[in-house]
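# Survey of secondary and tertiary structure
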Amino acid sequence: MGIFDGCLLVSDIDGTLLHDGVIPQKNIDAIEWFKSEGGIFTIATGRAIAAAEYSYEISRANAPLIALNGSVIYDFKNKSFLYSKTLDSRCADIVFEILEKFPTVGAEFFNGLDIYLIRGNEGTKYHSEYERFSFKELPENYTSIPWEKVLFAFEDFETVELLGEYVKKFNLDYCRFVNTCVSETARYFELLPAGANKGAAIKELKRISGAKYSFGIGDFYNDLELIRDADFGAAVFAAPDEIKQLANYVTCTCEDGAVADFIDYIQTNYIK
């Protein structure tokens, strides 16, 4: 019996587990100790499955992956989907309206293991290069293929703000828009199925794994539900204030080993 038996820990990738694309050694060591004491560890990410595989393997996760911001749960061991949500077919019209309104915006959609480019720009080029994936050739009937997520990529901050205001007009109950990244190099907005988020996914993974407790850690708006809906949630030091306010605990900085800090806190303050 280990001290972390029955504990499921789910971590965001960028800005949480990884700093500048690298996992701090403190995190690697702490995750290994957590698992050796019976803990269940995995990652939850907005990335596609293929783009998350490297981080999944290097962190040596021992539970299925939560990908596409909670739209899917994927079991690498058995190469199977355990959970999946798709966008309503009406969302295609919304995507085309946005692309017509904002001609510099790029767009991708995700289906299972595949990523398709609807319209390219410097943002989509950077996205594919940074996450090390290639786009599939867009088939003629692509609007009839199930979409699990749409990602809009921007070339400037002003357009991000303009689109953020524009999408408020879409007050729909079958999809939702999420600002998932705004940095000097990556600026993304995403369209997700209603009910698809990391919080719903961690609840489902807790059920699947039979865990007794769930712990979630993240650093941005797409981690809101993960932090809020886990049994105990943590925000990284650099997270926006409104995200930190939802957390039970605020860790050190990402580069100093935020996941390791959280594991230490769980062991010291939560596990009886």
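Data block above holds the structure.
Note that the coordinates shown come from a computational prediction; the quantities given were computed from them, not determined experimentally. (Residues numbered from 1 in each chain as written. Predicted model: local features only at pLDDT ≥ 70, side-chain atom pairs only at ≥ 80, totals over all residues. Heavy atoms only, no water.)

### Remarks on the overall build of the protein chain
In terms of regular secondary structure, the protein chain is built from 9 helices and 13 strands. Structurally, the protein chain occupies a C-alpha span of about 55 × 35 × 35 Å along its principal axes. Expressed as a percentage of its 272 residues, the buried residues of the protein chain come to 55%. Across the protein chain, every contact between residues at least 6 apart in sequence was considered, and the portion connecting residues at least 24 apart equals 60%. Accessible surface, the protein chain: about 12200 Å² in total, of which carbon and sulfur atoms supply 48%. The positive charge centre, built from 26 side chains, and the negative charge centre, built from 42, are 5 Å apart in the protein chain. (Helix = DSSP H or I, 4+ residues; strand = E, 2+ residues; numbered from the N terminus. Buried < 20%, exposed > 50% of the residue type's maximum accessible area, 1.4 Å probe, protein only. Contact = heavy atoms within 4.5 Å. Areas by Shrake-Rupley, 256 points an atom, 1.4 Å probe, with all protein chains shown as cover. Lys, Arg positive; Asp, Glu negative; His and termini not counted. Charge placed at Lys NZ, Arg CZ, Asp CG, Glu CD.)

### A look at the nonpolar core
Leu9, Leu17, Phe41, Leu65, Ile217, Phe262 and Ile263 are the most contacted members of the largest nonpolar core, which totals 45 residues. For this core, the leading source of residues is helix H9 (residues 258-270), giving 6 residues. Ignoring anything within four residues of it in the chain, the contact list for isoleucine 263 reads Phe4, Leu9, Ala30, Ile31, Trp33 and Phe34. Counting residues in each nonpolar core, the second largest holds 29 residues, with Ala92, Tyr116, Leu163 and Leu191 among its members. (Core = buried A, V, L, I, M, F, W, Y, C linked by side-chain atoms within 4.5 Å.)

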